[in-house]
Amino acid sequence: MKSGLNEMLVRAQGEHYAVAAFNILNHLTLSAVLEAAAQEKSPIIIQTSVTTVKALGPAAFAKMARTMIEAAPVPAVLHLDHCQDVDLCARCCDLGWDSIMFDSSHLPFEENIKTTQRVRRDARPKGVDVEGEVGIIAGTEDDISHAETSLAGYDETMRYIRETEVEAIAPAIGTAHGVYHGVPKINFELVGKLAAGTPCPVVVHGGTGLEDATFRRLIELGASKINISTALKQAYVDAMRQYLTENSGTVNPLKLDRFVMDRVVAMVVPFLRLFGSSGKAEHTGGKAV
Ligand code: 13P
């Protein structure tokens with residue numbers, strides 16, 4: 001069932017859990033993430049990268065995703081991840097996304113504020129929440145790649161939140177997109193200060209590969225949305241490879257899909273339990289489509 005991003009995250013922070021945001025790739029992975037959330041009675045964020053949106057076609061994908069989300073028995077948010085294109089943000093707002101992350105963090109700070117304000121002005125009357133980024137999160141997500149992190153500062157992040165009025169904030173805290181080579185040095189203090197200093201929910205990017213203790217500490221400090229992308233891609237491709245290797249003599253795409261789906265569900269469930277969101281959604285009797 002439909003939910004707003006801010007509403008979902010404010011509740012999560014208040015009850016000391018975080019909602020997982022998975023970057024899905026297609027119908028199969030969307031179904032798997034919703035199935036895992038339904039099994040766990042957990043709220044969930046269905047995240048789409050810009051490349052995925054373009055590959056699937058924004059209008060067709062929105063119809064499919066909206067139908068599946070409306071039928072899901074748990075609250076689900078359809079969220080656009082890391083979009084640098086103002087026009088595509090507006091289009092997704094019109095087509096039914098519940099929230100968008102506008103990423104102009106690569107621009108000088110004042111410009112980052114101004115462009116985010118523009119996107120939020122368009123999104124607000126459409127009832128769409130906006131997530132913003134301060135500092136630069138390293139690694140590769142979709143077509144956006146940064147070799148180095150540029151850590152966010154407390155004062156600039158607070159000013160950005162005040163002036164843009166975003167509904168969620170992703171400060172660069174030292175986590176990175178993709179696979180970690182070594183242990184990331186995370187600015188936990190900033191997460192705690194922001195969670196205490198502003199009602200704007202704090203988002204953690206680069207969830208794949210973080211240790212359980214790191215997730216727990218981030219959530220204890222007040223982080224309420226945690227993004228996972230690479231782990232889903234790995235589970236998806238590994239499962240396909242395994243099934244095709246073990247069943248090289250058969251041609252049964254639906255069995256292949258079910259095998260892969262089960263593996264994606266099995267990857268999602270532990271995150272929901274670890275983040276404390278399992279059991280936080282009331283079932284209302286919807287059915288998967
Ligand atoms: P990972 O690919 O490290 O899981 O990061 C996902 C993310 O932050 C998407 O915005």
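Residues numbered from 1 in each chain as written. Predicted model: local features only at pLDDT ≥ 70, side-chain atom pairs only at ≥ 80, totals over all residues.

Peer 1: Lay out the overall build of the protein in plain terms, naming residues and giving numbers.
Peer 2: Helix and strand counts for the protein come out as 11 helices and 11 strands. Relative to the globule expectation of 19 Å for 289 residues, the C-alpha radius of gyration of the protein, 18 Å, shows essentially globular dimensions. Here the protein holds 289 residues, and the buried ones make up 48% of them. Within the protein, residue pairs in contact and separated by at least 24 positions form 73% of the contacts whose partners lie at least 6 positions apart. (Helix = DSSP H or I, 4+ residues; strand = E, 2+ residues; numbered from the N terminus. Rg over C-alpha atoms; globule rule 2.2 N^0.38 Å. Buried ≥ 20, exposed ≤ 12 C-beta atoms within 10 Å, placed from the backbone. Contact = placed C-beta atoms within 7 Å.)

Peer 1: Any chance you could break down the site of the ligand for me, citing the residues and the numbers?
Peer 2: Around the ligand there are 15 residues in total, and H205, T208, N227, S229 and T230 lie nearest to it. Elements represented by at least two residues in the shell around the ligand include exactly β3 (76-83), β11 (223-228) and α10 (230-246). Residues of the shell around the ligand, tallied by class, amount to 2 nonpolar, 11 polar and 2 charged. (Near = placed C-beta within 6 Å. Nonpolar A, V, L, I, M, F, W, Y, C, P; charged D, E, K, R; others polar.)

Peer 1: How would you sum up the confidence of the model for the protein? Please name residues and give values.
Peer 2: Taken over all residues, the pLDDT of the protein has a mean of 93, while the share at 70 or more is 95%. Under a pLDDT of 50 for its full length, residues 283-289 has, in the predicted model, 19 contacts with residues more than four places off or in other chains. (pLDDT = per-residue confidence, 0-100.)

Peer 1: Describe the pairing of β11, and please don't skip the residues or the numbers.
Peer 2: For β11, a buried count of 6 out of 6 residues is recorded, marking the element as mostly surrounded by other parts of the structure. Note: strand β10 (residues 202-204) against β11, 3 bridges, orientation parallel. Of the residues in β11, the one forming a bridge with V203 is K225. (Pairing = 2+ DSSP bridges.)

Peer 1: Break down the packing of helix α2 (residues 27-40) against helix α11 (residues 253-274) for me, citing the residues and quoting the values.
Peer 2: Running from amino to carboxyl end, α2 crosses α11 at an angle of 45 degrees, the nearest separation of the two axes being 8 Å. Compared by their axis directions, α2 and α11 come out oblique. You can see that α2 and α11 cross each other, and the crossing is right-handed. For the pair formed by α2 and α11, the contact residues are L28, T29, S31, A32, V33, E35, A36, A37, Q39 and E40 on the first element and D257, V260, M261, V264, V265, V268, V269, L272 and R273 on the second. Class assignment of the residues belonging to the contact of α2 with α11 gives a composition of 12 nonpolar, 3 polar and 4 charged. (Axes fitted to C-alpha atoms, helices over the stretch in contact; angles between N-to-C directions. Parallel < 35°, antiparallel > 145°, perpendicular 65-115°, else oblique. Left-handed = near helix turned anticlockwise from the far one by under 90°.)

Peer 1: Could you give me a rundown of the environment of F109, with the residues and numbers involved?
Peer 2: Along the chain, the position of F109 falls in helix α6 (residues 109-123). Since 14 C-beta atoms lie within 10 Å of it, F109 is described here as partly exposed. Considering only alpha carbons, one finds F109 and G135, 26 residues apart in sequence, at a separation of 8.6 Å.

Peer 1: Summarise the packing of helix α4 (residues 58-71) against helix α5 (residues 86-95); cite the residues concerned and give the values.
Peer 2: Where α4 meets α5, the axes come as close as 10 Å, and the angle between the chain directions of the two elements is 35 degrees. When you trace α4 past α5, the crossing you get is right-handed. Here P58, A59 and A62 of α4 come into contact with α5, specifically with R91, C92 and L95.

Peer 1: Which residues make up the pairing of strand β1 (residues 19-23), and what are the values?
Peer 2: Counting buried residues along β1, 5 of its 5 residues qualify, which places the element largely inside the surrounding structure. Of the two faces of β1, the one carrying V19, A21 and N23 and the one carrying A20 and F22 are both buried. Pairing of β1 with β11, which is carried by 4 bridges, proceeds in the parallel orientation. Note on β11: the bridge partner recorded for V19 is K225. Two strands pair when backbone bridges link them, and β1 and strand β2 (residues 44-48) are joined in this way by 3 bridges, in the parallel orientation. In the strand pairing of β2, A21 is matched with I45.

Peer 1: Pulling in residues and values, what's your account of α2?
Peer 2: Since there are 3.6 residues in each turn of an α-helix, residues three or four apart along the chain are aligned in direction. If you check α2, its first and last C-alpha atoms are 20 Å apart, about what 14 residues at 1.5 Å a residue would give, namely 20 Å. Here α2 has its buried residues at T29, L30, A32, V33, L34, A36, A37, A38 and E40. Residues of α2 that are buried sit in contact with β1, β2, α4, β3, α10 and α11. Where α2 terminates, the next one or two residues include K41, which has phi positive at roughly 50 degrees. (Expected span 1.5 Å × (residues − 1).)

Peer 1: Break down helix α8 (residues 188-197) for me, citing the residues and quoting the values.
Peer 2: Residues of α8 that are buried include every one of L190, V191, L194 and A195, and no others. Along the long axis of α8, the arc covered by the buried residues comes to 125 degrees, so they all point the same way. Among the exposed residues of α8, those oriented more than 90 degrees off its buried face are E189 and A196. Residues of α8 that are buried in the fold lie against α1 (5-14), α7 (154-164), β8 (168-171), β10, α9 (212-221) and β11. (Arc of directions from axis to C-beta.)

Peer 1: Would you mind going over unusual backbone geometry in detail, with residue names and values included?
Peer 2: The backbone phi angle of H16 is positive, close to 60 degrees, even though this residue is not glycine. Note that H16 resides in the loop between α1 and β1. In this structure H16 comes out as exposed when scored by C-beta crowding, with 11 C-beta atoms within 10 Å. Here K41, not a glycine, exhibits a phi torsion of approximately 50 degrees, which is positive. Turning to its location among the elements, K41 is positioned in the loop between α2 and β2.

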